[in-house]
Amino acid sequence: MSDVQMGRELLGETAIRDKVAQLGRQISADYRGQELLVVGVLKGAVIFAADLVRQITVPVYLDFIAVSSYGKATRTSGVVRILKDLEESIAGVHVLLVEDIADTGLTLHYLRENLLARGPRSLKLCALLDKPDCRRVEVPLDYVGFQIPDQFVVGYGLDFDGRFRNLPAVHLLSREAEKK
Ligand code: IMP
């Protein structure tokens, strides 16, 4: 048995749903009269992106990009690698990059530079969660759901070692071993 369990709830289902709806309204207003390509970062942002696109009222296209994850470590190695790329060119397209969480900022920084080099018409960044105290590189976040403290969280797409993505709320991670 793993010594890691889901801990205290940090963000409940209702708070998340309300925030996603609010972000959807803001994004719909900002892109009024335009089409938008939402790019979700696999796997963590898949649930957030799926909920968010249903709150956006302008025409939306949806694609995903996958980058290497930390594996069992809860701290970034700083190394980012594209494991699955976008299906089509984004040249001349309004792109909204949707990530589950901005921690060190390294993933979003890398993806931003990588996508900007492809010549999109515009590129904005959206993260459900933001841990500003952990930032190692500055990234301009255009849309943020919640700022949270420097603690590892799981649920609503976020995992620890592949687990807990299916939790409907965001929880702190609890390590039984640390309590002893
Ligand atoms: P960054 O590159 O350090 O900003 O980290 C971004 C990625 O790290 C996210 O997409 C998550 O996959 C992972 N990550 C960072 N913090 C957490 C956390 O608290 N829980 C789960 N995953 C996290």
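The present account deals with the structure reproduced in this document. (Residues numbered from 1 in each chain as written. Predicted model: local features only at pLDDT ≥ 70, side-chain atom pairs only at ≥ 80, totals over all residues. Heavy atoms only, no water.)

**Observations concerning the overall build of the protein chain**
From N to C terminus, the protein chain includes 4 helices and 9 strands. Listing each helix as α and each strand as β along the protein chain from the N terminus yields β-α-β-α-β-β-β-α-β-β-β-β-α. In summary, the protein chain has a C-alpha radius of gyration of 16 Å against a globular reference of 16 Å for 180 residues, a match within 12%. Here the C-alpha coordinates of the protein chain stretch approximately 55 × 35 × 25 Å along the principal axes. Evaluated residue by residue, the protein chain yields a buried proportion of 48% over its 180 residues. If you sum the accessible surface of the protein chain, you get close to 9,300 Å²; carbon and sulfur atoms cover 48% of it. (Helix = DSSP H or I, 4+ residues; strand = E, 2+ residues; numbered from the N terminus. Rg over C-alpha atoms; globule rule 2.2 N^0.38 Å. Buried < 20%, exposed > 50% of the residue type's maximum accessible area, 1.4 Å probe, protein only. Areas by Shrake-Rupley, 256 points an atom, 1.4 Å probe, with all protein chains shown as cover.)

**Observations regarding the sheet that holds strand β1 (residues 4–11)**
The strand order across the open sheet formed by 3 strands is β1-β9-β8, and the pairing between neighbours is antiparallel. Of all the strands in the sheet, the pair left with one neighbour each is β1 and β8 (153–154). Bridging between β1 and strand β9 (residues 170–175) involves 5 bridges; their strand directions are antiparallel. Paired with Val 4 across the strands is Arg 175, a residue of β9. (Pairing = 2+ DSSP bridges.)

**Describing the packing of aromatic side chains**
The tally for this structure, following the rule as stated, stands at 1 aromatic pair. With centroids separated by 5.9 Å and ring planes inclined at 85°, the aromatic side chains of Phe 152 and Phe 160 adopt a geometry described as edge-to-face. Accessibility expressed as a relative area gives 23% for Phe 152, which makes it partly exposed. (Phe/Tyr/Trp six-rings, centres within 6.5 Å; stacked < 30°, edge-to-face > 60°.)

None of the figures reported here should be taken as evidence of function without further support.
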